[in-house]
Amino acid sequence: MMDLNDGVIINSIFYNLIELEKDCWNRLVNGAIRGRDAFHTPCVGSISNGEVSMRTMVLRKALPIERVLRFHTDIRSRKWEELALNQSISALFYDASARIQLRVKGKAKLHYDDDITSEAWQKTALSSRRSYLTKNPPSSFSDIPTSGLSENIEQEKFTLEESEVGQEHFGIVAIQVESIDWLWLNHAGHRRAFFDYISDEYHWMVP
Ligand SMILES: Cc1cc2nc3c(=O)[nH]c(=O)nc-3n(C[C@H](O)[C@H](O)[C@H](O)COP(=O)(O)O)c2cc1C
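These remarks concern the structure in this document. Each chain has its residues counted from 1, running along the sequence as written. At least 70 in pLDDT is required for a residue's local features to be given in this predicted model, at least 80 for side-chain atom pairs to be given and counted, and no such filter applies to totals for whole chains, interfaces and linings, which use all residues. Computation of side-chain values: all heavy atoms of the structure, hydrogens and water removed.

**So, the overall build of the protein**
The numbering of helices and of strands both runs from the N terminus, where a helix is a DSSP run of H or I of at least 4 residues and a strand a run of E of at least 2. Each helix and strand in the protein was counted, giving 6 helices and 11 strands. Judged by the C-alpha coordinates and their principal axes, the protein covers about 60 × 35 × 35 Å. Per-residue accessibility, obtained with a 1.4 Å probe over protein chains only, is compared with the maximum for each type, and a residue is labelled buried under 20%, exposed over 50%, and partly exposed between these values. With 207 residues in all, the protein has 41% of them scored as buried. Across the protein, contacts joining residues at least 24 apart in sequence account for 60% of those joining residues at least 6 apart. Total accessible area on the protein is roughly 12300 Å²; 51% of this is exposed by carbon and sulfur atoms. We call two residues in contact when some of their heavy atoms are within 4.5 Å. Per-residue and other accessible areas follow the Shrake-Rupley method at a 1.4 Å probe size, with only the shown protein chains counted as cover for residues.

Written as structure tokens, this is what we have:
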């Protein structure tokens, strides 16, 4: 049974399980908004032919009500293909100054050519649009070290209008979060909690 009088005190603030779950999402929202936040660049894991596949990604959006996290990527990338075949996805966050780790698990939803991708693409700066303008797909082998971009694109000598073709390769990986595993490292004893959105149960755990 969840007793809301039980909790942890972090930086002089008391959190019961309900408040702690809210704090997780506050941290994720901050991570998406603030480029220098420790939660801005989690490691995102997927499954490729039964093997673990991980990469760093920029957290672009965190939606607490919907329990959704969003990331931008090239639809020609391996992860896109992997996630289309197997929706299992996980994101690992660690804030060393707060000593908080979040292990987020869920199902991936791939957005392409919809209202969500259109809006995000409109807000994507010229320098970031370059990522979607490589001639060959990400992970293609090359005889020489290369960015995959033509020289003018590499040097940002192109107009916003010329960058629009990149939208063809622009996709959004959304995680529909199904659980959050929270861990706080503390000299007086670590603490851990599990928020399960499938069964709608929140638990303390032995770290
Ligand atoms: C700090 C950092 C941020 C990154 N952000 C993204 C990102 O938001 N989206 C993305 O597709 N790749 C991003 N990458 C590159 C990926 O880590 C990865 O190398 C690339 O997407 C190919 O992955 P894949 O072969 O699994 O598709 C980032 C890499 C670093 C180091």
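**Some points on the packing of aromatic side chains**
Stacked, tilted and edge-to-face are the three classes applied to pairs of Phe, Tyr and Trp rings, where Trp contributes its six-membered ring and a pair requires centres within 6.5 Å; stacked means planes under 30 degrees apart, edge-to-face means over 60, and tilted covers the rest. All chains considered together, the criterion is met by 6 aromatic pairs. Aromatic pair Trp121 and Tyr132: ring centres 5.9 Å apart, planes at 80°, arrangement edge-to-face. Placement of the pair is Trp121 in helix H3 (residues 115-122) and Tyr132 in the loop between helix H4 (126-129) and helix H5 (151-154), with a sequence separation of 11 residues. With a centroid separation of 5.0 Å and 90° between ring planes, the pair formed by Phe195 and Tyr202 is classed as edge-to-face.

**Considerations on a nonpolar patch on the surface**
Two distance rules govern patches: like charges are joined within 9 Å, and nonpolar side chains (Val, Leu, Ile, Met, Phe, Trp, Tyr) within 5 Å, applied only to residues with over 30% relative accessible area and no salt bridge. Salt bridge, as used here: a side-chain nitrogen of Lys or Arg that lies within 4 Å of a carboxyl oxygen of Asp or Glu. A contiguous nonpolar surface patch, about 220 Å² in accessible area, is contributed by Met2, Leu4 and Ile18. Among the secondary structure elements, Leu4 is positioned in the segment before strand S1 (8-10).

**Examining the side chain of Thr134**
Structurally, Thr134 can be placed in the loop between H4 and H5. In terms of polar contacts, Thr134 uses its side chain to reach the side chain of Arg76, at 2.9 Å. Polar contacts involving the side chain of Thr134 include one to the main-chain carbonyl oxygen of Asn136, which spans 2.9 Å. Not counting chain neighbours up to four residues away, the residues in contact with Thr134 comprise Arg76, Ser147, Gly148, Leu149 and His169. Polar contacts, as used here, are pairs of N or O atoms within 3.5 Å; protein pairs need one atom able to donate a hydrogen and one able to accept it. Residues neighboring in sequence count only if both atoms are side-chain atoms.

**Focus: the environment of Gln101**
Structurally, Gln101 can be placed in strand S8 (residues 100-111). As for Gln101 and Phe71, which are separated by 30 residues in sequence, their C-alpha atoms are 19 Å apart. Residues within four places of Gln101 in sequence aside, it is in contact with Leu92, Phe93, Tyr94, Asp181, Trp182 and Leu183.

**Side note on the pairing of strand S3 (residues 43-48)**
For two strands to count as paired, DSSP must find a minimum of two bridges between them. Sheet topology places S3 next to strand S4 (residues 51-56); 6 bridges connect them, and they run antiparallel. Along S4, the bridge assignment pairs Ser48 with Glu51. Taking the residues that link successive antiparallel strands as the turn, the S3-S4 hairpin has 2 residues, and the phi of Asn49 there is positive, at about 50°. In this structure, S3 lies alongside strand S7 (residues 88-95), joined through 3 bridges in antiparallel fashion. Bridged to Val44 within S7 is Ala91.

**A closer look at the pattern of salt bridges**
Overall, the coordinates contain 10 salt bridges when judged by the stated rule. The network of salt bridges with shared partners includes Arg103, Asp181 and Arg192.

**Things to note about helix H1 (residues 17-33)**
How far a helix is expected to stretch is found by multiplying one less than its residue total by 1.5 Å. With 17 residues, H1 extends 25 Å between its outermost C-alpha atoms, agreeing within 8% with the 24 Å of an ideal straight helix rising 1.5 Å per residue. Of all the positions in H1, only Leu17, Leu20, Glu21, Asp23, Cys24, Trp25, Arg27, Leu28, Gly31 and Ala32 are classed as buried. Of the residues flanking the start of H1, the one acting as N-cap is Asn16, its side-chain oxygen 3.0 Å from the backbone nitrogen of Ile18.

**A look at the site of the ligand**
The environment of the ligand is made up of Thr41, Arg55, Thr56, Met57, Val58, His72, Thr73, Ser77, Arg78, Lys79 and Ser139. In the environment of the ligand, a nitrogen atom lies 2.8 Å from a nitrogen or oxygen atom belonging to the backbone of His72. Between Arg78 and the ligand, the recorded distance is 3.4 Å, taken from a backbone N or O atom to an oxygen atom. Across the complex, the protein chains shield 58% of the 620 Å² of accessible surface that the ligand would expose by itself. Elements with a minimum of two residues in the shell around the ligand: S4, strand S6 (68-74) and helix H2 (78-85). Basically, the charged four are Asp, Glu, Lys and Arg, the nonpolar ten are Ala, Val, Leu, Ile, Met, Phe, Trp, Tyr, Cys and Pro, and anything else, Gly included, counts as polar. Across the shell around the ligand, the residue classes tally to 2 nonpolar, 6 polar and 3 charged. Each residue is tested against the molecule or strand, and it is near if at least one of its non-hydrogen atoms lies within 4 Å.

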